[in-house]
Amino acid sequence: MGNASFNLAYFGYMLQGAAWTVGLSALGFIGGGILGALVALARISRRTPVRWAASLYIQVIQGIPLLVLMFLCYFGLGLMGYDVPALAAAACAMSVYASAYLGDIWRGCLQAVPRAQWEAAECLGLSPAQRMLCVIVPQALRLATPSTVGFLVQIVKNTSLASVVGFVELVRAGQMVNNTLFEPFAVFSLMAVLYFAMCYPLSRWSYALERRLKTGRRTRLAA
Amino acid sequence: MNTIVKVENVHKCFDQTPVLKGVSFEVGKGQVVAVIGKSGSGKSTALRCINRLESIDSGSITVCGHRLHDDRLDLKTLRRDVGIVFQSYNLFPHLTVEQNVALALKLVRRLPRAQASAIADRVLAQVGMADKARSYPEQLSGGQQQRAAIARSLAMEPQLMLFDEVTSALDPELTGEVLQVMESLARGGMTMILVTHEMSFAAKVANQVIYMHEGKVHEAGDASILRAPQTQELRRFVGSGL
């Protein structure tokens, strides 16, 4: 029943929303990556309380819906007297959410490097930090890449929840366009296509990385 | 005799199970010592205690002047003085052979890159691996990987080298090429302790043979004990092996 039609301006507005979806995903991934690396290291620490605290963090965060984390970051930080921009609150929530999952994924990859590699590095006189950085992490990274890229898809899709705190990403932009035009099917179809266009390449990339991991380095050198 | 390793009355348990029950022996500079015995006799554990991969419950071990039971033990210099080669090679799979050898030279001995790779090239040539310096471990045979692992240890210029069943995962042909490298090290004067099942190699190269049985040194002497064992257990062990 809209009296305006779906023109390029509205399309451009939604594309702009999609760009913010990408931006928020990137912020969430960077913040979540940094926090997640710390969580993963804490999870395999030699000190029991540290391990225990990291494990509790993972379980608590994984047990809270991201939507609730969004509200907590937005209103919680607001209560403490900060005037939080929606982007900051959303990026904060995404980071915390991603860190709990990435931390757990990366812990598994660190532990998948055989014990004997630690031992060999130790016997050569490498310090604990050198063992981790030069021997364990490079091997774990190779193992971690496919699942990490796969998790990026989850991050991209879950940024849609940032619309509830008023951040104008793709969903919010689409809702606003729809409020003007009242063309829900067209608008939400376009939204779906745009999300798919962002996530599908990531999924393909993740599969490709996984295949490469299975076939090993030899084929990569030959290729 | 200039003693490099002195093991005195060492006891060790894993959980409740005693593995070493009063082990004592000495190794002099330049000696090649073969430690033999059945699986579970404690020979690998004894070896791992010598570079402090395992700690001991009682007794004392002194290695290259380091008192291992001392709280102020400097693990880092101990690890520089003692090299170890494992049954499963344990090369770093993400690095080339040369990078494997050069890593600790750069990180631990703090040598500049050029000097580290010069040393790496030299020790790789010594074990006959110069042409494989740019290969990754997974592109090599087991024998080549083990020789690279020996080179990695050798590059740190240890005073003592430990070999933990280094040929047990290899077929006879590959075993030969690794033993050849070890023999030339021995001839070069390297002090070596090897846990091994290669009786003929032990007989040929070792100055001292230690037969371990149920967590103790059951019989020890020069290589002649392999031909003329004094105890019934060693007689049975040698008889089953040859």
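Structural data are supplied above this passage.
A brief report on the enclosed structure follows. The numbers attached to residues start from 1 for each chain and follow its sequence in the written order. The order in which chains are written sets their letters, starting at A; the order in which ligands are written sets their numbers, starting at 1. Given that this is a predicted model, residues contribute local features only at a pLDDT of at least 70 and side-chain atom pairs are listed and counted only at 80 or more, while totals for whole chains, interfaces and linings are drawn from all residues. Hydrogens and water molecules were not included; the side-chain quantities draw on all heavy atoms of the structure.

## A look at the overall build of chain A
And then number 1: Each helix is a run of H or I in the DSSP string that is no shorter than four residues. Each strand is a run of E no shorter than two, and both are numbered from the N terminus. A count of helical and extended segments in chain A gives nine helices and zero strands.
And then number 2: Listed by position from the N terminus, the elements making up chain A come as α-α-α-α-α-α-α-α-α.
And then number 3: Projecting the C-alpha coordinates of chain A onto the three principal axes gives extents of approximately 75 × 50 × 20 Å.
And then number 4: Here the Shrake-Rupley method, with its probe set to 1.4 Å, supplies the accessible areas, and only the displayed protein chains count as covering residues. Accessible area for chain A stands at about 11,800 Å²; split by element, carbon and sulfur atoms hold 68% of it.
And then number 5: In this count, Lys and Arg are taken as positive residues and Asp and Glu as negative ones, while His and the chain termini are left out. To locate a charge, take NZ of a lysine, CZ of an arginine, CG of an aspartate or CD of a glutamate. Averaged over its 17 positive side-chain charges, chain A has a centre that lies 12 Å from the centre of its 7 negative ones.

## Some thoughts on unusual backbone geometry
Residues apart from glycine generally show negative phi values, whereas peptide bonds are mostly found in trans.
Residues and elements named next belong to chain B.
And then number 1: The backbone of glutamate 157 shows a phi angle near 55°, a positive value even though the residue is not glycine.
And then number 2: Topologically, glutamate 157 is positioned in the loop between helix H5 (142–154) and strand S7 (160–164).
And then number 3: The phi angle at glutamate 165 is positive, at roughly 45°, despite the residue not being glycine.
And then number 4: Checked against the element boundaries, glutamate 165 lands in the loop between S7 and helix H6 (172–187).

## Concerning the sheet that holds strand S4 (residues 58–63) of chain B
All names here are of chain B.
And then number 1: Pairing within the open sheet is antiparallel, and its four strands lie in the order S2-S1-S4-S5. The outermost strands of the open sheet, each flanked by one partner alone, are strand S2 (17–28) and strand S5 (66–67).
And then number 2: At least two bridges found by DSSP between two strands are what make those strands a pair. Judged from the five bridges that link them, strand S1 (residues 3–14) and S4 form a sheet pairing that is antiparallel. The residue of S4 that forms the bridge with lysine 6 is threonine 62.

## What to know about the pairing of S2(B)
All names here are of chain B.
And then number 1: Judged from the nine bridges that link them, S1 and S2 form a sheet pairing that is antiparallel. By the bridge assignment for S2, threonine 3 is matched with glycine 28.
And then number 2: Count of turn residues in the S1/S2 antiparallel hairpin: two residues, of which aspartate 15 carries a positive phi of about 55°.

## Things to note about helix H7 (residues 170–181) of chain A
Residue and element names in this part refer to chain A.
And then number 1: A helix is expected to reach a length of 1.5 Å times the quantity of its residues less one. Between its first and last C-alpha, H7 extends 16 Å over 12 residues, near the 16 Å set by a 1.5 Å rise per residue.
And then number 2: Per-residue accessibility, obtained with a 1.4 Å probe over protein chains only, is compared with the maximum for each type, and a residue is labelled buried under 20%, exposed over 50%, and partly exposed between these values. Within the sequence span of H7, burial applies to Leu170, Val171, Ala173, Gly174, Val177, Asn178 and Leu181. For H7, the buried positions fall inside an angular range of 160° around the axis, keeping them on one side.
And then number 3: We call two N or O atoms a polar contact when they sit within 3.5 Å, provided that within protein one can donate a hydrogen and the other can accept it, with sequence-adjacent residues counted only if both atoms are side-chain atoms. Backbone nitrogen of valine 171 and a side-chain oxygen of the N-cap are separated by 3.1 Å at the start of H7; the cap is glutamate 169. Starting at the helix axis, one direction is taken to each C-beta atom, and the arc is that of these directions.

## Brief notes about the nonpolar core
And then number 1: Nine residue types can take part in a nonpolar core, namely buried Ala, Val, Leu, Ile, Met, Phe, Trp, Tyr and Cys, and a core is a set of them joined through side-chain atoms within 4.5 Å. In terms of nonpolar packing, the biggest core is built from 129 residues, with B:Val63, B:Ile150, B:Leu160, B:Phe163, B:Met182 and B:Ile193 touching the most fellow members.
And then number 2: In terms of residue count, the dominant contributor to this core is helix H4 (residues 86–112) of chain A (14 residues).
And then number 3: Pairs of residues are marked as contacts when any of their non-hydrogen atoms sit within 4.5 Å. Setting aside chain neighbours within four positions, we find B:Ile193 in contact with B:Val5, B:Val27, B:Val33, B:Val35, B:Leu47, B:Ile50, B:Leu160, B:Met161, B:Leu162 and B:Phe163.
And then number 4: Grouped together as the second largest cluster of nonpolar side chains are 19 residues, A:Ala18, A:Val149, A:Val171 and A:Tyr195 included.

## Structural notes on the sheet that holds strand S3 (residues 32–37) of chain B
Residues and elements named next belong to chain B.
And then number 1: Pairing in this open sheet of six strands is mixed, and the strands run S6-S7-S8-S3-S9-S10 from one edge to the other. One side of each edge strand has no neighbouring strand; the edge strands of this open sheet are strand S6 (82–85) and strand S10 (216–221). Averaged over all neighbouring strand pairs, the angle between strand axes comes to 20°, with direction disregarded.
And then number 2: Relative to strand S8 (residues 191–195), S7 runs parallel, the two being bridged by five bridges. Across the sheet, aspartate 164 pairs through a bridge with valine 195, a residue of S8. Fitted lines through C-alpha atoms give the axes, limited to the stretch in contact for helices. The angle between two N-to-C directions lies from 0 to 180 degrees.

## A short note on the packing of helix H1 (residues 8–43) of chain A against H7(A)
Residue and element names in this part refer to chain A.
And then number 1: Two elements in contact, H1 and H7, have axes whose closest approach is 7 Å; the angle formed by their N-to-C orientations is 160°. Here H1 lies roughly antiparallel to H7, going by the angle between them. Both H1 and H7 take part in a crossing whose hand is right-handed. Between H1, through Tyr10, Tyr13, Met14, Gly17, Ala18 and Thr21, and H7, the contact on the second element is made entirely by Leu170, Ala173, Gly174, Met176, Val177, Thr180 and Leu181.
And then number 2: Gly counts as polar in this scheme, as do all residues outside two lists: the nonpolar Ala, Val, Leu, Ile, Met, Phe, Trp, Tyr, Cys and Pro, and the charged Asp, Glu, Lys and Arg. Here the contact of H1 with H7 is composed, by residue class, of nine nonpolar, four polar and no charged. Here is the rule for angles: anything less than 35 degrees is roughly parallel, anything more than 145 is roughly antiparallel, 65 through 115 is roughly perpendicular, and the remaining ranges are oblique. The sense of a crossing depends on the near helix, which, turned anticlockwise from the far helix by less than a right angle, makes the crossing left-handed and, turned clockwise, makes it right-handed.

In short, geometric facts, not functional conclusions.
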